[in-house]
Each structure stands twice: as structure tokens, then as C-alpha cells.
Amino acid sequence: MNITSLEIAQATMDMFFCLFCLIIFVSIKANNPKQKSMRMFVRLFLIATVLFFGETLAYIFRGNLGPFNILVTRIANLMVFAMNIAMANTYVRYVSSVFVEKGAEVSGNSVKIANIFSCINIFIVVVNLFYPWMYYFDEANYYHRNNFWYVYTLISLVVIFIGAGIAFKYRKYLEKRSFISMMLFSFIPIIATVVQSFIYGFSITNLGLGIGSFVMFAAYMYDWSHNGDEHTNMINNSRFDAVIMLIIMLLSMSVSIIACVNGIQQVTKENSEIQSRTIAQMVSAKIEKEFIKPITVSQTISSDIDIRTYIEGKTREEAESVKDDMTNRLVSIGNEFDYKMVFVVSDKTRAYYTYNGISRYLDVENDGHDIWYKDYLDSGKRYIVNVDTDEDNNGSLTVFINYGIFDTNGDILGVCGVGVDMNDLVDILARFEEEYNIKVDLVNHDGLIQVDTDVSSIETSYLDNSYFGNVSDDDFYYQLSENGCYMTKYLEGFDGYIVIRDKNPVKLNVNKIILPIVLIFVAGVLIMATSFVIISMREKKAKDAYNRRYEASIKDNLTGLYNRRGFEDDCEIIKENNNLIEYVLIMMDLNGLKAVNDNIGHEAGDELIIGASKCMDNAFSGLGRTYRVGGDEFVALLRGTREEAQDAVKTFDYLTENFQGNLISELSVSKGVVVCSEHIELNFEEIKAMADKLMYADKDEYYRRTGKDRRRV
């Protein structure tokens, strides 16, 4: 029921890391990273954002009742556990992709094993929605671990260990700084999780994840500023962006602290009575339930035919003769219902039967220890509850249920019942007091304490009758005081009162603080988003300028086709991707360009080159790229099947045959076509040599067919 500084710290920490990870995600995502490792890195921070947002919601809404609060708490906890799995799995994939890109031959089995363990944890989380294996919520909407939490945690640690193992095995591929950041991201959460197993109430594991994320980002920022490639350094050569990012991180922390502290300062007493009554109702229901069984067993004893026979009309001499039968019957009942103390008292003989036979004969008039019997007779009730020492069980403090035995005429035959060990009731009260920070007492009609965790108060101390007020057995009488609030209710089963003191009933008013927190959160996000839009615009402008310069450097000025540099760059990409078999290579050469230049002029030669390039672009652009790699030399890289390439070549032949220029009217191009999938045994250089050979064969055929002198043209 208390709002503690620990809860304030937890909520503040969660909101800060949520905003921090969101900033990182947006800032890196704005650069549209192409490498798989960077995409995994970005995904890590997106998952962390969702995780810490769920954790923040869980701490804000926990302990608050109502359908909406309960629903949000459960969804938030589901988000946290699901994102923990996702984060560990993504970390393994990130580490693996980093080393693959560095040239290490990383086995895919590690990632597969991590995926299997992650699926097991997902199964545990999903099943927990229906069977609370891993965690559950009590009636007050507080989260509690269950046994499978340790299984889930162990599996998560195994997944993180897999990532750490990959990083350690291939550490020679990384700089020392990057390797240390990876290991810290692994072992800070691992150590935090081990500590978490022994500490309850504060999310140390997620704190470790947040610190690990900060370390990873710090290493990334250093690499970003010092070890980026030419493109990265070009658009980030100023440290202005890093300074802006640092400022925004500080702002996110400030916003988090302001939001959480100011929100919790709005705690009011408006929800106090509702929250306190809910806890009190739950506690009283469980305590009253503890008295149902002994009362029911006592009633069963009072109706037992054999026991009635053993005491009805019997003298003391006859009582001695049936004591063995009575003892056996009481032992049987005690074993059946699991009670150490079962007794019967004969009203006529005052014989006190227990497990041990006749323990004694009551002397109500002279023995103060036996006054309970007279109190029962004077009460006129079917049963009463009294606290006394059990003389037959080493004088232990016991709560007795004294139940009357009556004949068919309604006359008293005796009293029977069972004894409930006081320690059992004290343990129940102690658990409630520790869990809910309350004080619970059971008192009789005079306010005399009958059950208390402070055993020295039992039967010796009284509670102020003013706390009872207008008490009923339907609801609690609620009264505020300087020390908290007192709630009192009559418990019919106990035949007395339960008094609960909530030591600090003030509770967070979610309805009052949720809107300011949301508004501050949104305002912070908007501020950060605006900052990153500005950063991204600057970066985009620089990137666009770079792309324009690069595009110009790989384009042929005369034809607009790609040039030799563009062809070589694309060849390198094909080699890196190892997907040559997906391509069709066409080597082309203009026929008669030299003769046109010599006889008509270079303007006509340019017209011939431009006309050929337009035919190529129209025929081949749907399947790939065309390059001018020399004066009259061209290449086409098409991605498609043999049939698609043949159709494109036919289109090209048709266009060249029907070419009509201003200065020239004939266009002829020699070609060499190689379908790479039909020559998988050849490498790229061998494919190009084959296409070149076919192209020259086609050129020889052209001159043979036309009868032109090749030396003149």
C-alpha cells in the first residue's frame, strides 16, 4: 500500500531508458542502415523501448483495482517478458551478423539453438496466460513470481551466454573497445539477473539491460565518429550531431524524473478507503475461511451418534467404562480431519475426554482454568470461541471451538470441539501484515485481543472500543487516524471482530497522474522527434549530395548509360552476393563507327552511339542495366531467364534494324550473349571472356555477310 522511494526510482529509471532507447532507435534508423548487423542493432533498441515502456506501465498501474488497471497491468507484464525474450534472441543474431560481416565463418547452429530456447520461453509466457506457471497476480493486482520464473530466467541467461560465447570465440575480428562493449552487454544483465533471483520488488535485470544498452551505444558513437567509412564520415564529420544527441539524452532523463516525481507527488487520499477496504475484505475472507473447517468438524462431532451414546445418562463409573471407546472415536475423528486436539465434555459427569482418555474432570466452581465451560453455558449460543492453553499439548496457546451437544429435547448433554494451534493463525496474520504493510488483530466483544502476531498481547491487551463503531458483519467500519486507518468487521465464524490497521493507506491516484505523465511523455517525444528531424534533414541533404556526385561518376555523359566504373562496381556486388547464375551477360560493339567518323564526321559518330544506347535502353532496361565501357563498346547485365533475354535481344535487333537518324540511316551492333546459369563452372572473368569471344564471332559474321572491308570500317 505504500508509495516508496524505491518505486519512484524504478518508474523514473524505466521511463528514462524507454526515452533513451527510443532516441537511439530513431537516430540510427533515420540513416537507413543497409548492413544486417546495423539493422539488428537498431532492432535491439526498438525492442528495449517497448520493454521499458511496458515496465513503466506495470509500475504505474500495479496495486490499482478496476478492469482497466488490471488489464493494463497484465498486458504490460506480458510485454516485458516477451520483449526480454526478443532482446536476448536479437542480441545473438546481432553478434553473429557482426562477425560474419567481418569475415568470420560463424556457424549458424548457435543462432538456431538460441531460436529454439527462445521458442521455449515464448511457450512458457503464452501458457502463463492460462496457467500461472511463471507469475501471477493477487487480489490487490500485485505481481508475484511462480516456480517457472526461474526456468524462464535460466533459459534467457543461456541465450545471452550463446551471444557472449560467439563474441568471445571470434574476438580477434573486433577492436578491443567493441569487444568489451559486447561482453558488458552480456554480463551486466546476467549478473543483474542472478542478483534478481534473491531480491524482490525492484527490477534489477532490466536495469542491467538499460546499462548494457548505454554501453553498446557509447561504443557505437565512438565508432561512428572515428571509424566510419567514407560515406559515414562525409555526412557526420561534424560532432554537432553527437552533441545534440547528448543534450537530448539529458533532456529525456530530466523529463523522466519530472514526470515520475511530480506524478507521485499527486498522491491523494481519495482512493484510500476503496483500496484499504479491498485489502481488508480479502484478508477477512481468508481468515474467516480458516474458522469454517474447525466449526464444521465440531458440528460433526456434536451430531455423532456414538459420542452421544457415550455421554448421555452416564455416571462417573460408567464414564470410566466407555473412555476407551470414546478415545478411539476421538482419535479417529482427529486423524480424519487432521486435528491434534479433539475433545468432548460430559455435562453430567464433567469428564473431559481427549486423545488420552479422560484427561480430567472439570471443576467449574473452583478451577479458574475451567471457567470456559460455565461461560459457554451462560452464552446461550450453539458454539463460542475462546483462547486458552492446551493442558494436554504442553500448554500451547490454542483457539478452541466449543460446540454444544444436545439431546432430542434440546437439553444440554455436553460440549465438544477442536483446538486450532495459535501458531498457525499467527503465521497467516504475519504473511498478510508483511505483504500489505498492515496490522491485523482478532478481538472479542470486549476488545480483548484473541489473536495477534505479538503473542504477548493475546489475552492481555485491549483495543480501543471506539474503533468498533457501528460494526456489522456485512462491511467494514472505516475510521481514519494519524497513524493510518482502522477497519473493523464482525466475523460470525470467529464470534468476534477483525481489526485491520492500514499503516499508510495513501495510494497513487492513477486517474490524476496518468494524463500529465502522458502529456509530458508526448511532449518529450515531440521535442526529440523534432531534433532528429533536423538532424536527419542535414544528413539527408549531405547524403543526397553524395549520391548525386556518385551517380554522376558512374554515368556516361554522352549516352546517359552507366559507364565502366558503374559496371565494375556492379560486378563487385555480384561477386560479393555470389549470385552470378541469376544474370545474362551481353557484350556489344558497334559496327562501322570508325568509317562513320572518318567519312561523315564525329557528329554522325555521336549520333550512331546515342542511337545504339537508346535501342539498348529501350530493349534491356526492364531486365537490368546497360553500360558504355569504351568508345564503341557496350555491356548489358540482365537478370532473368534465357527466354526473357532472348525476347529482349529480339526487341533490340528490331530497334536497330529500324533505326533512322538525321545523318545516318544504318545501325549495326555485334553481340555476344552468355546465360550464366548454363555455365556455372565458369567464374565472372571467364564468362566475360566467353561473351567477348561470341561478340567477335558475330562481328566476323557481319563483315562476311556484308562483304565490307573490316580494316576500312
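Here the structure is shown first, and the text comes after it.
Residues numbered from 1 in each chain as written. Predicted model: local features only at pLDDT ≥ 70, side-chain atom pairs only at ≥ 80, totals over all residues. Heavy atoms only, no water.

Undergrad: Looking at this structure, I do not really get the packing of helix 5 (residues 148-169) against helix 6 (residues 176-196). What am I missing?
TA: Packed helices, taken two at a time, are described by the angle their axes make and the gap between the axes. Running from N to C, helix 5 and helix 6 point in directions that differ by 160°, and their axes come no closer than 10 Å. One finds that helix 5 runs roughly antiparallel with respect to helix 6. Crossing hand, helix 5 versus helix 6: left-handed. Contacts between helix 5 and helix 6 involve Trp149, Thr153, Leu157, Ile160, Phe161, Ala164, Ala167 and Phe168 from the former and Phe179, Met182, Met183, Ser186, Phe187, Ile190, Thr193 and Gln196 from the latter. By residue class, the composition of the contact of helix 5 with helix 6 is twelve nonpolar, four polar and no charged. (Axes fitted to C-alpha atoms, helices over the stretch in contact; angles between N-to-C directions. Helix = DSSP H or I, 4+ residues; strand = E, 2+ residues; numbered from the N terminus. Parallel < 35°, antiparallel > 145°, perpendicular 65-115°, else oblique. Left-handed = near helix turned anticlockwise from the far one by under 90°. Contact = heavy atoms within 4.5 Å. Nonpolar A, V, L, I, M, F, W, Y, C, P; charged D, E, K, R; others polar.)

Undergrad: Quick question: what am I supposed to make of a negative patch on the surface here?
TA: Together, Asp363, Glu365, Asp367 and Glu391 make up a negatively charged patch on the protein surface. Glu391 sits in the partly exposed class, given a relative accessible area of 47%. (Patch = residues over 30% accessible without salt bridge, like charges linked within 9 Å, V, L, I, M, F, W, Y side chains within 5 Å. Areas by Shrake-Rupley, 256 points an atom, 1.4 Å probe, with all protein chains shown as cover. Salt bridge = Lys/Arg side-chain N within 4 Å of Asp/Glu carboxyl O. Lys, Arg positive; Asp, Glu negative; His and termini not counted. Charge placed at Lys NZ, Arg CZ, Asp CG, Glu CD. Buried < 20%, exposed > 50% of the residue type's maximum accessible area, 1.4 Å probe, protein only.)

Undergrad: Is there a simple way to think about the sheet that holds strand 5 (residues 357-361) in this case?
TA: Sheet strands pair by backbone hydrogen bonding; their relative direction is either parallel or antiparallel. Taken together, the six strands give an open sheet; going across it, the order is 5-4-3-8-7-6, and neighbouring strands pair in antiparallel fashion. Because the sheet does not close on itself, it has two edges, and the strands there are strand 5 and strand 6 (383-390). Going across the sheet, the axis of each strand differs from the next one's by a mean of 30°, ignoring polarity. Where strand 3 (residues 341-346) and strand 8 (residues 412-421) come together, six bridges link them in antiparallel fashion. Residue Val342 lies in a different strand from strand 8, and its bridge partner there is Val418. Running at roughly 145° to strand 3, helix 13 (residues 323-337) makes contact with strand 3, strand 4 (351-354) and strand 5 of the sheet. Here helix 15 (residues 422-436) sits on the sheet and contacts strand 6, strand 7 (396-406) and strand 8; the angle it forms with strand 8, its principal contact strand, is near 50°. (Pairing = 2+ DSSP bridges.)

Undergrad: Is there a simple way to explain the side chain of Ser670 in this structure?
TA: Along the chain, Ser670 falls in strand 17 (residues 669-675). With relative accessibility at 0%, the residue Ser670 sits in the buried group. For Ser670, the side chain forms a polar contact with the side chain of Asn591, separated by 2.8 Å. Among residues more than four places away in sequence, those in contact with Ser670 are Met587, Met588, Asp589, Asn591, Met695, Asp698 and Lys699. (Polar contact = N/O pair within 3.5 Å; in protein donor to acceptor, adjacent residues only side chain to side chain.)

Undergrad: Please explain the sheet that holds strand 14 (residues 583-590) as it appears in this structure.
TA: Spatially, 15-16-14-17 is the arrangement adopted by the four strands of the open sheet, whose pairing is antiparallel. Each edge of the open sheet is held by one strand with a lone partner, namely strand 15 (624-628) and strand 17. Ignoring which end each strand starts from, the neighbouring axes of this sheet average 15° apart. In this structure, strand 14 lies alongside strand 16 (residues 633-639), joined through seven bridges in antiparallel fashion. Bridge pairing links Tyr583 to Arg639 in strand 16. In this fold helix 17 (residues 564-577) packs onto strand 14, strand 15 and strand 16, with an angle of close to 140° to the strand it touches most, strand 15.

Undergrad: Honestly, the pattern of salt bridges in this entry has me stumped. Any pointers?
TA: Two side chains of opposite charge can pair, provided their charged atoms sit close to one another. Following the criterion strictly, the structure yields 19 salt bridges and no others. Arg329 is the salt-bridge partner of Asp304, the closest N and O atoms lying 2.5 Å from each other. With Asp304 in the loop between helix 10 (272-302) and helix 11 (305-311) and Arg329 in helix 13, this residue pair connects regions lying 25 residues apart in the sequence. Classification of Arg329 as partly exposed rests on a relative accessible area of 25%. Measuring nitrogen to oxygen at the nearest pair gives 3.4 Å for the salt bridge that ties Asp556 to Arg628. In this pair, Asp556 sits in the loop between helix 16 (510-553) and helix 17 while Arg628 sits in strand 15, placing the two residues 72 residues apart along the sequence. Across the pair, Arg628 and Asp556 agree in class, each one buried. It is possible to trace a salt-bridge network through shared partners that takes in Glu572, Lys575, Glu685 and Lys688.

Undergrad: Would you take a moment to explain the packing of aromatic side chains for this structure?
TA: The geometry of two aromatic rings is summed up by the distance between their centres and the angle between their planes. Under the counting rule described, the total for this entry stands at 26 aromatic pairs. Relative to Tyr143, the ring of Phe137 has its centre 6.3 Å away and its plane inclined at 65°; by these criteria the two rings are edge-to-face. Here Tyr490 and Tyr497 contribute two aromatic rings whose centre-to-centre distance is 5.7 Å and whose plane-to-plane angle is 70°, an arrangement assigned as edge-to-face. Among the aromatic side chains, those forming a connected cluster through ring pairs are Phe81, Tyr135, Phe137, Tyr143 and Tyr152. The ring of Tyr562 has Lys555 lying over it, and the distance from NZ or CZ to the ring centre is 4.9 Å. (Phe/Tyr/Trp six-rings, centres within 6.5 Å; stacked < 30°, edge-to-face > 60°. Lys NZ or Arg CZ within 6 Å of the ring centre and 35° of its normal.)

Undergrad: What should I look at first to understand unusual backbone geometry in this one?
TA: What is expected of a backbone is that most residues other than glycine have negative phi and most peptide bonds are trans. The backbone of Asn394 shows a phi angle near 60°, a positive value even though the residue is not glycine. Residues other than glycine seldom take positive phi values, yet Asn578 does so here, at roughly 55°.

Undergrad: Even after reading the chapter, I still don't get a positive patch on the surface, so can you show me in this structure?
TA: Together, Lys29, Lys36, Arg39, Arg43 and Arg93 give the surface a local cluster of positive charge. Among the elements that make up the positive patch, the one with the highest residue count is helix 2 (residues 36-61) (three residues). Within the element layout of this structure, Lys29 appears in helix 1 (residues 5-29). The exposure class assigned to Lys29 is partly exposed, which follows from its relative accessible area of 46%.

Undergrad: Help me understand the environment of Ile188, please; the structure alone is not making it clear to me.
TA: Tracing the sequence through the fold places Ile188 in helix 6. Taking C-alpha positions, Ile188 is 6.3 Å from Gly212, a pair spaced 24 residues apart along the chain.

Undergrad: Is there a simple way to think about the nonpolar core in this case?
TA: Soluble globular proteins tend to pack their nonpolar side chains together in the buried interior. Ranked by internal contacts, the top residues of the largest apolar core, which has 56 residues, are Val283, Ile287, Val344 and Tyr353. Looking at which element gives the most residues to this core, the answer is helix 10, with nine residues. Beyond its immediate sequence surroundings of up to four residues, Val283 is in contact with Phe432, Ile438, Val440, Ile498 and Ile500. With 49 residues, the next largest nonpolar core counts Phe17, Phe20, Ala48 and Tyr94 among its residues. (Core = buried A, V, L, I, M, F, W, Y, C linked by side-chain atoms within 4.5 Å.)

Undergrad: Would you mind going over a nonpolar patch on the surface with me for this structure?
TA: On the surface, a nonpolar cluster with roughly 890 Å² of combined accessible area is contributed by Ile122, Phe123, Val126, Leu129, Phe130, Tyr131, Trp133, Phe148 and Val151. The set of elements that each furnish at least two residues to the nonpolar patch consists of helix 4 (109-128) and helix 5. Top element by residues in the nonpolar patch is helix 4. It accounts for three residues. By the secondary structure assignment, Phe148 is in helix 5.

Worth remembering: the numbers are spatial, not functional.
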